[in-house]
Amino acid sequence: MTGYTPPISPDWSDELRVKAAAIKLAAFDVDGIMSDGKLYFSANGDELKTFNILDGLGLKQLMNAGITVAVITGRRSPLTEKRMKDLGINHLMQGREDKRTALQELVADMDISPAQIAYMGDDLPDLPALQFAGLGITVPNGYWLVKQHADYCTTVAGGNGAVREACDLLLWSQNKLRETLTPYMGASS
């Protein structure tokens, strides 16, 4: 199994893996999770935002493995809209401070229970959604209270591959990681 087991996987408890194995919908905040949480502006006042390319491929791997991906963010940003469109993410809810309500609205027409939802956020507006979801994930640079209520805190900060780590956790726990990595491993694997 060399090459297919994430180096941090021994730190994933059995309880965490069981929760992650049940996930059908993974929902993510943007600022502080997909980005570093800082707001950048040009001299003209234009907003600038960076997204980690590792995270983008991880999100595509989730979708290719049959896990629905959603993004719920408190801010409205054309940059976020463009990035999610580029990734093929159809469930984007912007301008939503009430993230638990947004998450509940999102799953109202889906056959998904809270135990089948993962939510990844870093600050107080994310806390109700994180508590509603069956699997709550945060980042080391997240607010302390959110970290206390999360089931898992990634080893890397938001904007630095934390989303990819969460994606690997979900895929590995569902025995789908090998399938998503095989096309990249070459003929010798």
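Okay, so let's go over this structure. (Residues numbered from 1 in each chain as written. Predicted model: local features only at pLDDT ≥ 70, side-chain atom pairs only at ≥ 80, totals over all residues. Heavy atoms only, no water.)

In this section: a nonpolar patch on the surface. A surface patch of nonpolar side chains, amounting to about 310 Å² of accessible area, comprises Leu 124, Tyr 143 and Trp 144. Relative to the helices and strands, Tyr 143 resides in the loop between strand 7 (135-138) and helix 6 (144-149). (Patch = residues over 30% accessible without salt bridge, like charges linked within 9 Å, V, L, I, M, F, W, Y side chains within 5 Å. Areas by Shrake-Rupley, 256 points an atom, 1.4 Å probe, with all protein chains shown as cover. Salt bridge = Lys/Arg side-chain N within 4 Å of Asp/Glu carboxyl O. Helix = DSSP H or I, 4+ residues; strand = E, 2+ residues; numbered from the N terminus.)

Here we come to the layout of surface pockets. Its volume calculated, the largest pocket comes out at about 230 Å³. When its residues are assigned to classes, the lining of the largest pocket shows two nonpolar, five polar and nine charged. (1 Å grid on protein atoms, 1.4 Å probe; cavity = no way out; pocket = protein on both sides within 12 Å on 5 of 7 lines; lining within 4 Å. Points joined across faces, edges and corners; volume = space filled by probe spheres on them. Nonpolar A, V, L, I, M, F, W, Y, C, P; charged D, E, K, R; others polar.)

A few words now on the sheet that holds strand 4 (residues 68-72). Spatial ordering of the open sheet is given by 5-4-1-6-7-8, a layout of six strands whose pairing is parallel. A single partner strand is all that each edge strand has here, and the edge strands are strand 5 (91-93) and strand 8 (152-153). The sheet contact formed by strand 7 and strand 8 spans two bridges and is parallel. Across the sheet, residue Ile 137 finds its bridge partner in strand 8, namely Tyr 152. (Pairing = 2+ DSSP bridges.)

Attention now moves to empty space enclosed by the protein. Space left empty within the atom packing is revealed by a probe, the size of a water molecule, rolled over the atoms. Inspection of the entire model under this criterion finds one cavity of 30 Å³ or more. The computed volume of the largest cavity comes to approximately 40 Å³. Met 34, Phe 51, Asn 52, Asp 55, Gly 56, Leu 59, Arg 83, Met 84 and Leu 87 are the residues that line the largest cavity. Among the secondary structure elements, those contributing two or more residues to the lining of the largest cavity are helix 2 (53-64) and helix 3 (78-87).

Attention now moves to the pattern of salt bridges. For the structure on display, the rule yields ten salt bridges. In this structure, Arg 96 engages Asp 98 in a salt bridge whose closest nitrogen and oxygen atoms are separated by 3.0 Å. Judged by its relative accessible area of 35%, Asp 98 falls in the partly exposed class. Arg 96 serves as the salt-bridge partner of Glu 105, at 3.0 Å between the closest nitrogen and oxygen. When its relative accessible area of 43% is taken as the criterion, Glu 105 is described as partly exposed. (Buried < 20%, exposed > 50% of the residue type's maximum accessible area, 1.4 Å probe, protein only.)

Assignment of secondary structure puts Arg 75 in the loop between strand 4 and helix 3. Along the backbone, Arg 75 and Glu 97 are 22 residues apart, and their C-alpha atoms lie at a distance of 8.0 Å. Those residues in contact with Arg 75 that sit more than four places away from it in its chain are Asp 31, Leu 39, Glu 47, Lys 49, Gln 94 and Gly 95. Engagement of the side chain of Arg 75 in a polar contact is seen with the side chain of Glu 47, the distance being 2.8 Å. (Contact = heavy atoms within 4.5 Å. Polar contact = N/O pair within 3.5 Å; in protein donor to acceptor, adjacent residues only side chain to side chain.)

Core analysis: the biggest nonpolar cluster contains 34 residues, and Phe 28, Met 34, Leu 59, Leu 62, Met 120 and Leu 170 have the highest contact counts within it. Ranked by the residues each element gives to this core, the list is headed by helix 7 (residues 162-173), at seven residues. Those residues in contact with Leu 170 that lie beyond four places of it in its chain are Ala 20, Ile 23, Ala 26, Leu 62, Ile 67, Ala 118 and Leu 135. (Core = buried A, V, L, I, M, F, W, Y, C linked by side-chain atoms within 4.5 Å.)

Time to look at the environment of Tyr 152. Following the sequence through the fold, Tyr 152 ends up in strand 8. Look at Tyr 152 and you get buried, because its relative accessible area is 9%. What Tyr 152 contacts, discounting residues up to four positions off in sequence, is Ile 8, Trp 12, Leu 16, Gly 136, Ile 137, Thr 138, Glu 165 and Leu 169. At 3.1 Å, the side chain of Tyr 152 and the side chain of Trp 12 are in polar contact.

As far as function goes, none of this settles anything; it's purely spatial.
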